[in-house]
Amino acid sequence: MEVVIDAPGRLAVLAADAVASLVRRRPDAVLGLATGSSPLALYDELVARHRAGLSFAQVRGFLLDEYVGLPPGHPESYRAVIDRQLTSRVDLAPDAVQGPDGGAADLPAACAAYEAALRAAGGVDLQVLGVGTDGHLAFNEPGSSLASRTRVKTLTAQTRRDNARFFGDDPEAVPRHVLTQGLGTILEARHLVLVATGRAKAEAVHQLVEGPVSALWPASVLQLHPHVSVLVDEAAASRLQLAGYYREAWAGKPGWQGL
Ligand SMILES: N[C@@H]1[C@@H](O)[C@H](O)[C@@H](COP(=O)(O)O)O[C@@H]1O
């Protein structure tokens, strides 16, 4: 696991460099896309790269998660959010980005279909991730099986409070259920790039990087993956015990290596 501590704008550039170098190497790359505020600067940076000539025409994208039961076209469904944040702003093909179908009548079947679609695409090359204040990854709340696959989950009161800002500041308006890639599903992506900023994420970042691997802090499962880049600003890094070492290791890394 590599931890990079830098200003948010610089983190976005680093993450965009990793995406751009992948897409140049492999124009039909499979990107795992996260919603939420953490990847916004990265997506803005990708839009800038697109305007400067980077093409996503053959890229495919998979979302991490989706709310259950929002009416089709609801502006806060993750399908709609990613369209606004990224898909509609670059040359991704229509329908190149898919997510689990939170409106399906048969939710377990929709989850199985999503796992099959990920497999058929050959898996995710680079997965963008954020982390919840309670350490959730995608919508894998504390207590999630570390081997879990795409399935229905129930949100915690904390996550519903955190996400209420997208639903008129009313936690009760946040759907109670979601479909989410499992932790086992996420671990199959070849490179995981997690972005976290702000003091509210400091404890989750400490636990995910330095805590015991535990279902209590689901993001700690990333310690089992061979290629994880954790990109954090000073505030999100403020609880890291080995921050000095991470800074030294990053400062000494040859620039050509990238993330
Ligand atoms: N399901 C999403 C996660 O994929 C996201 O990483 C996390 C953090 O969100 P934010 O980046 O807005 O802090 O919470 C949401 O609930």
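Note that this is a predicted model, so its numbers are computed, not measured.

(A) Expanded view of the site of the ligand. Close contacts around the ligand come from 14 residues, with G36, S37, S38, G130 and G132 the closest. Looking at the shell around the ligand, its residues break down into five nonpolar, eight polar and one charged.

(B) Geometry of the environment of H206. Structurally, the position occupied by H206 is in helix 7 (residues 202–210). Between the C-alpha atoms of H206 and L240, which are 34 residues apart in sequence, the distance is 5.1 Å. Once residues lying within four places of it in the same chain are set aside, the contact partners of H206 are G211, R239 and L240.

(C) Representation of the sheet that holds strand 9 (residues 191–196). The seven strands lie next to each other as 1-10-9-6-2-3-5, forming an open sheet whose pairing is parallel. Across the chains shown, the open sheet's two edge strands, defined by having one partner strand only, are strand 1 (2–5) and strand 5 (97–98). In the sheet, strand 1 pairs with strand 10 (residues 228–232) via four bridges, with the strands oriented parallel. Opposite E2, over in strand 10, you have S229 as the bridge partner.

(D) Just the UniProt feature "site: Part of the allosteric site" (unreviewed entry) in the chain, in detail. UniProt's entry tags S144, R151, K153 and T154 with the feature "site: Part of the allosteric site" (unreviewed entry), counted in the numbering of this structure. Its place among the elements puts K153 in strand 7 (residues 151–154). Judged by C-beta crowding, with 23 C-beta atoms within 10 Å, K153 ranks as buried. Other than its neighbours up to four places away in sequence, K153 contacts F139, N140, E141, V178 and T180. Among the structural elements, T154 can be located in strand 7. With near-sequence residues (within four places) excluded, T154 lies in contact with R176 and H177.

(E) Local environment of the pairing of strand 9. Strand 9 sits mainly inside the fold: five of its six residues count as buried. Bridge count between strand 6 (residues 126–129) and strand 9: four bridges; the pairing is parallel. By the bridge assignment, Q127 is partnered in strand 9 with L192. Pairing geometry for strand 9 and strand 10, over five bridges, is parallel. Of the residues in strand 10, the one forming a bridge with V193 is S229.

Rules behind the numbers
- Residues numbered from 1 in each chain as written.
- Predicted model: local features only at pLDDT ≥ 70, side-chain atom pairs only at ≥ 80, totals over all residues.
- Near = placed C-beta within 6 Å.
- Nonpolar A, V, L, I, M, F, W, Y, C, P; charged D, E, K, R; others polar.
- Helix = DSSP H or I, 4+ residues; strand = E, 2+ residues; numbered from the N terminus.
- Contact = placed C-beta atoms within 7 Å.
- Pairing = 2+ DSSP bridges.
- UniProt positions renumbered as here; feature names shortened; annotations may be inferred.
- Buried ≥ 20, exposed ≤ 12 C-beta atoms within 10 Å, placed from the backbone.

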